[in-house]
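# Reading the structure
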Amino acid sequence: MGKLTYDSTLTVDFDDRVLAHLQLVIAAKLRRGESFTFSWRDDPAVGDGRSALWIHPAIPLSFKYAGGRQPSINRAWIEVLMSAANSPSGLHLIPEPDDTIPSGEREP
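Residues numbered from 1 in each chain as written. Predicted model: local features only at pLDDT ≥ 70, side-chain atom pairs only at ≥ 80, totals over all residues. Heavy atoms only, no water.

## Remarks on the nonpolar core
Phe14, Phe38 and Leu91 are the most contacted members of the largest nonpolar core, which totals 23 residues. Within the residue set of this core, elements represented by two or more residues are strand 1 (2–6), strand 2 (10–14), helix 1 (16–31), strand 3 (36–41), strand 4 (50–55) and helix 2 (75–85). Here the element with the most residues in this core is helix 1; it accounts for seven residues. If near-sequence neighbours (up to four positions away) are discounted, phenylalanine 38 is found in contact with Phe14, Leu22, Ser51, Ala52, Leu53, Ile55 and Leu91. (Core = buried A, V, L, I, M, F, W, Y, C linked by side-chain atoms within 4.5 Å. Buried < 20%, exposed > 50% of the residue type's maximum accessible area, 1.4 Å probe, protein only. Helix = DSSP H or I, 4+ residues; strand = E, 2+ residues; numbered from the N terminus. Contact = heavy atoms within 4.5 Å.)

This is the structure we're talking about:
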């Protein structure tokens, strides 16, 4: 499990593959200076509720991966996550769609 740390005060565990996709979407939004909300369902171990963050370019974020290898990237998933991030409800975890890109065209 990887970790997303927000403002050095909140750390949330995500699967490395999920975290890699979130990092790409969040970084793209922040590079453009765009703020947005990011929400997810909490793990049952921490209450099984929902959490949300206001992501802003001035608030520090870090992404720490448990594994040593970069997970493969599903461009279709990036597109649906980015679409969510650009919506009024903000970025939220969406299940990974079927990979429609042949494996030879995946980013490493």
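## Concerning the packing of aromatic side chains
Evaluation of the coordinates by the stated rule reveals three aromatic pairs. Pairing phenylalanine 14 with tryptophan 40 gives two aromatic rings, centres 5.9 Å apart and planes at 75 degrees, and the pair type is edge-to-face. You can see phenylalanine 14 sitting in strand 2 and its partner tryptophan 40 sitting in strand 3, a full 26 residues away along the chain. Exposure class is identical for phenylalanine 14 and tryptophan 40. Each is buried. Every member of this aromatic cluster is reached through a ring pair, and the members are Phe14, Phe38 and Trp40. (Phe/Tyr/Trp six-rings, centres within 6.5 Å; stacked < 30°, edge-to-face > 60°.)

## Remarks on the pairing of strand 3
In terms of strand pairing, strand 3 meets strand 4 through six bridges, oriented antiparallel. Counted as the bridge partner of arginine 41 is arginine 50 from strand 4. Sheet analysis places strand 3 next to strand 6 (residues 91–92), joined by two bridges and oriented parallel. Looking across to strand 6, one finds that phenylalanine 38 is bridged to leucine 91. (Pairing = 2+ DSSP bridges.)

## A word on the confidence of the model for the chain
Averaged over all residues, the pLDDT of the chain is 90; the fraction at 70 or higher stands at 91%. Residue range residues 101–108 is modelled with pLDDT below 50. Its contacts to residues more than four positions away, or to other chains, number 15 contacts. (pLDDT = per-residue confidence, 0-100.)

## Let's talk about the sheet that holds strand 5 (residues 61–64)
Through backbone hydrogen bonds, the strands of a sheet pair up, either in parallel or in antiparallel fashion. As summarised here, the arrangement of the three strands in space is 2-1-5, forming an open sheet in which the pairing is antiparallel. Strands at the two margins of the open sheet, each flanked by one partner only, are strand 2 and strand 5. If you compare each strand with its neighbour and ignore which way they point, the axes differ by 20 degrees on average. With four bridges connecting them, strand 1 and strand 5 associate as antiparallel partners. Residue pairing in the sheet places leucine 4 in a bridge with phenylalanine 63 of strand 5. Most of the contacts of helix 1 go to strand 5, to which it runs at about 155 degrees, and overall it touches strand 1, strand 2 and strand 5. (Axes fitted to C-alpha atoms, helices over the stretch in contact; angles between N-to-C directions.)

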